[in-house]
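# Structure assessment
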Amino acid sequence: MKIAVLGGDGFVGWPTALHLSAAGHEVHIVDNLSRRWIDTELGVQSLTPMDSIQERTRIWHQETGRRIHFHLIDLARDYEVFKAWLAETRPEAVIHFAEQRAAPYSMKSDRHKNYTVNNNVNATHNLLNALVEVDLDAHLVHLGTMGVYGYSSVGAAIPEGYLPVGIDTLAGETARQEILYPANPGSIYHMTKCLDQLLFQFYAKNDGLRITDLHQGIVWGTHTDQTRRHVQLINRFDYDGDYGTVLNRFLIQAAIGYPLTVHGTGGQTRAFIHIQDSVRCIELALREPPARGDRVKIFNQMTETHRVRDLAELVARLTGGKVAYLPNPRKEAAENDLVVRNDQFLALGLDPITLEEGLLSEVVDVARKYAYRVDRSRIPAVSAWTRDIAPTVERDPEGKRLKSVG
Ligand code: NAD
Ligand code: USQ
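Residues numbered from 1 in each chain as written. Chains lettered and ligands numbered in written order. Predicted model: local features only at pLDDT ≥ 70, side-chain atom pairs only at ≥ 80, totals over all residues. Heavy atoms only, no water.

Further remarks concern the overall build of the protein chain. Within the protein chain, the secondary structure is distributed over twelve helices and 14 strands. Computed over the C-alpha atoms, the radius of gyration of the protein chain is 21 Å, within 12% of the 22 Å expected from 2.2 N^0.38 for a compact globule of 406 residues. Dimensions of the protein chain, computed from the C-alpha atoms along their principal axes, are close to 65 × 55 × 40 Å. For the protein chain, buried positions account for 57% of its 406 residues. Of all intrachain contacts in the protein chain linking residues separated by at least 6 positions in sequence, the fraction that spans at least 24 positions is 81%. Looking at the protein chain as shown, the accessible area adds up to about 16800 Å², and 49% of this sits on carbon and sulfur atoms. Between the centroid of the 45 positive side chains of the protein chain and the centroid of its 50 negative side chains there is a distance of 5 Å. (Helix = DSSP H or I, 4+ residues; strand = E, 2+ residues; numbered from the N terminus. Rg over C-alpha atoms; globule rule 2.2 N^0.38 Å. Buried < 20%, exposed > 50% of the residue type's maximum accessible area, 1.4 Å probe, protein only. Contact = heavy atoms within 4.5 Å. Areas by Shrake-Rupley, 256 points an atom, 1.4 Å probe, with all protein chains shown as cover. Lys, Arg positive; Asp, Glu negative; His and termini not counted. Charge placed at Lys NZ, Arg CZ, Asp CG, Glu CD.)

Set out below in structure tokens:
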């Protein structure tokens, strides 16, 4: 199949592009490299040394004889360029990763809020608009987030996208419907993913676009079967206070002897998935496109749930590290439970990789290998969700005064 991977230079996009190329597909990466620019803005770099996208694809060709094509296009801003590219390339499937994906980055300032909304909503809408305009019946697979549901515990499992409801009619009967599960975003970033859902719903209904939305949990780990093949195929690994996600941050903090940064009581329960399973799920979803005219197909792409403080304690036990309980920079519930349905991927044959010590140790080993590249001053999470919270997150676990960058 000819597959476009939008955002294919990123943390999940790159191993997905490799995985699909290895499976025999013709892969085209479209990326504006904004994520690399944001590293420069924030004064951080991936823990792992990443080569340019051109160099990465050259090494892939050298290793496998297979070509991955790269196209430098800003999906949010260069609508006409993207439309012309789509009309010419005519992929059979489009995987959409190309959004600003960090909640803390989206909450840093009014400028970052504007950037995240403009970038994410325009990228998604430009894609949908262009698919209709060039009359392309490609299967669109979008990477969404578990965060659209809001993680709240109502004593029921979170279904895969749709909630059956009964509506009292004027005739005194009950009308049965399935509606999108009520959106409950916890950050500007998560809010853009809720807006994406409505865009998908409209374009599936109005134009018959075939769309799959993957509501993914937090991705952890770094290597996949393909990124292991050559040192220059290595995946990016974010550890900083804006882009580093919780488990990967704990693993690198443990590797360099930095106290594990638990926010508040660490009572937040979140959904997780290993990077290898993430790329497998995307391939499984590609094989099961909805039919034209179907509603958006929604999968929960996660394999397990964990409470943040339990993860910190597990990593600390494994590595002999210390846990620091810090003021929470976010506005979020102190504690929540989370039960999530993921029956659809299990039915398609996903055999989940779950958290086990071997895999955790592998990430710690990667972190130790590249520890010399870590700037400790960029570890604290200083992006506060509200003005009231900002003064409470001014010091790091080592007692130093912090300054926000960007
Ligand atoms: P990432 O930031 O590493 O990659 C995103 C890529 O998209 C980057 O290479 C960036 O340059 C590109 N991009 C952004 N805006 C673009 C634009 N306007 N035009 C072209 N390219 C653009 O993020 P990731 O961790 O790989 O996440 C990929 C997707 O998966 C995101 O949409 C994210 O919301 C979702 N997701 C990620 C996680 C996670 O834990 N990393 C979890 C759930 C969902
Ligand atoms: N947390 C800590 N300490 C840290 C970092 C985070 O306690 O050092 C806590 C946060 O307060 C939060 C939880 O861990 O309660 C998760 O934070 P995170 O940064 O790992 O994840 P999140 O902001 O939700 O975002 C990440 C990805 C995003 C994706 C989302 C999936 O960046 O792209 O959509 O995970 S989900 O969480 O399921 O919504």
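This part is about the site of ligand 2. Y189, V246, T261, R270 and E332 are the nearest of the 22 residues found near ligand 2. Y189 is positioned with one of its side-chain polar atoms (N or O) 2.7 Å from an oxygen atom of ligand 2. For ligand 2, an oxygen atom lies 3.2 Å from a polar atom in the side chain of H190. Contact with the protein chains covers 96% of the free accessible surface of ligand 2, which is 740 Å². When contributions to the shell around ligand 2 are tallied by element, the ones reaching two or more residues are α7 (188-207), α8 (246-255) and β10 (260-263). (Near = heavy atom within 4 Å. Polar contact = N/O pair within 3.5 Å; in protein donor to acceptor, adjacent residues only side chain to side chain.)

Judged by nonpolar contacts, the single largest core of 41 residues is most densely connected at L6, F82, L86, L128, L131, L140 and I211. Those elements that provide at least two residues to this core are β1 (2-6), α4 (79-89), α6 (110-133) and α7. Beyond its immediate chain neighbours, meaning those up to four positions away, L6 contacts V30, L75, F82, V94, I95, H96, F97, A98 and L127. Counting 34 residues, the second-largest nonpolar core is a separate cluster that includes I218, F272, A316 and V366. (Core = buried A, V, L, I, M, F, W, Y, C linked by side-chain atoms within 4.5 Å.)

Let us look at unusual backbone geometry. In this model, L33 sits at a positive phi of 60°, which is unusual for a non-glycine residue. Overall, L33 belongs to the partly exposed group, its relative accessible area being 21%. Backbone geometry at R90 places phi at a positive 45°, although glycine is not the residue there. Along the chain, R90 falls in the loop between α4 and β4 (93-96).

Right, let's talk about the site of ligand 1 for a bit. Ligand 1 sits among 29 residues. The nearest are V12, D31, N119, Y189 and K193. A distance of 3.1 Å separates an oxygen atom of ligand 1 from a polar backbone atom of S34. Within the backbone of F97, a nitrogen or oxygen atom sits 3.3 Å from an oxygen atom of ligand 1. Notes on ligand 1: free accessible area 830 Å², of which the protein chains cover 97%. Contributing elements (two or more residues each) for the shell around ligand 1: α2 (34-42), β5 (139-145), α7 and β9 (218-220).

Among the secondary structure elements, G244 is positioned in the loop between β9 and α8. By relative accessible area, G244 is classed as buried at 11%. Setting aside anything within four residues of it in sequence, one finds G244 in contact with D238, Y239 and R249.

Time to look at the sheet that holds strand β11 (residues 269-274). The sheet built from three strands is open, its strands ordered β9-β11-β13 with mixed pairing. With one partner strand each, in any of the chains shown, β9 and β13 (304-307) form the two edges of the open sheet. Across the sheet, the axes of successive neighbouring strands diverge by a mean angle of 45°, strand direction being ignored. Both β11 and β13 contribute to a ladder of four bridges, which runs antiparallel. (Pairing = 2+ DSSP bridges. Axes fitted to C-alpha atoms, helices over the stretch in contact; angles between N-to-C directions.)

We now examine the sheet that holds strand β3 (residues 68-72). Judged by pairing direction, the sheet is parallel, and its seven strands sit side by side in the order β3-β2-β1-β4-β5-β8-β12 without closing on themselves. Each having just a single partner strand, β3 and β12 (297-301) make up the two edges of the open sheet. Strand-to-strand, the axes of this sheet are offset by a mean angle of 20°, without reference to chain direction. Taken together, the five bridges between strand β2 (residues 26-31) and β3 define a ladder with parallel strand orientation.

This brings us to the environment of V132. For V132, the position within the fold is in helix α6. The sequence separation of V132 and G208 amounts to 76 residues, and the corresponding C-alpha distance is 9.1 Å. With sequence-adjacent residues up to four places away left out, V132 is seen in contact with Y203, D207 and L209.

Take the pattern of salt bridges next. Using the criterion set out here, one finds 24 salt bridges in the structure. Two residues, R36 and D9, come together in a salt bridge whose shortest N-O distance is 2.6 Å. One end of the pair, R36, is in helix α2; the other, D9, is in the loop between β1 and α1 (13-22), with 27 residues separating them in the sequence. Classification of D9 as buried rests on a relative accessible area of 4%. In this structure, R236 engages D238 in a salt bridge whose closest nitrogen and oxygen atoms are separated by 3.0 Å. (Salt bridge = Lys/Arg side-chain N within 4 Å of Asp/Glu carboxyl O.)

Bringing α4 into the picture now. Those residues of α4 lying buried are Y79, F82, W85, L86 and T89. Along α4, the residues classed as buried sweep out an arc of 130° about the axis, all on the same side. Residues E80 and E88 are exposed on α4 and point more than 90 degrees away from its buried face. Taken together, the buried residues of α4 touch β1, β2, β3 and α6. Downstream of α4 by one or two residues, R90 has phi in the positive range, about 45°. (Arc of directions from axis to C-beta.)

These values are about where atoms sit, not about what they do.
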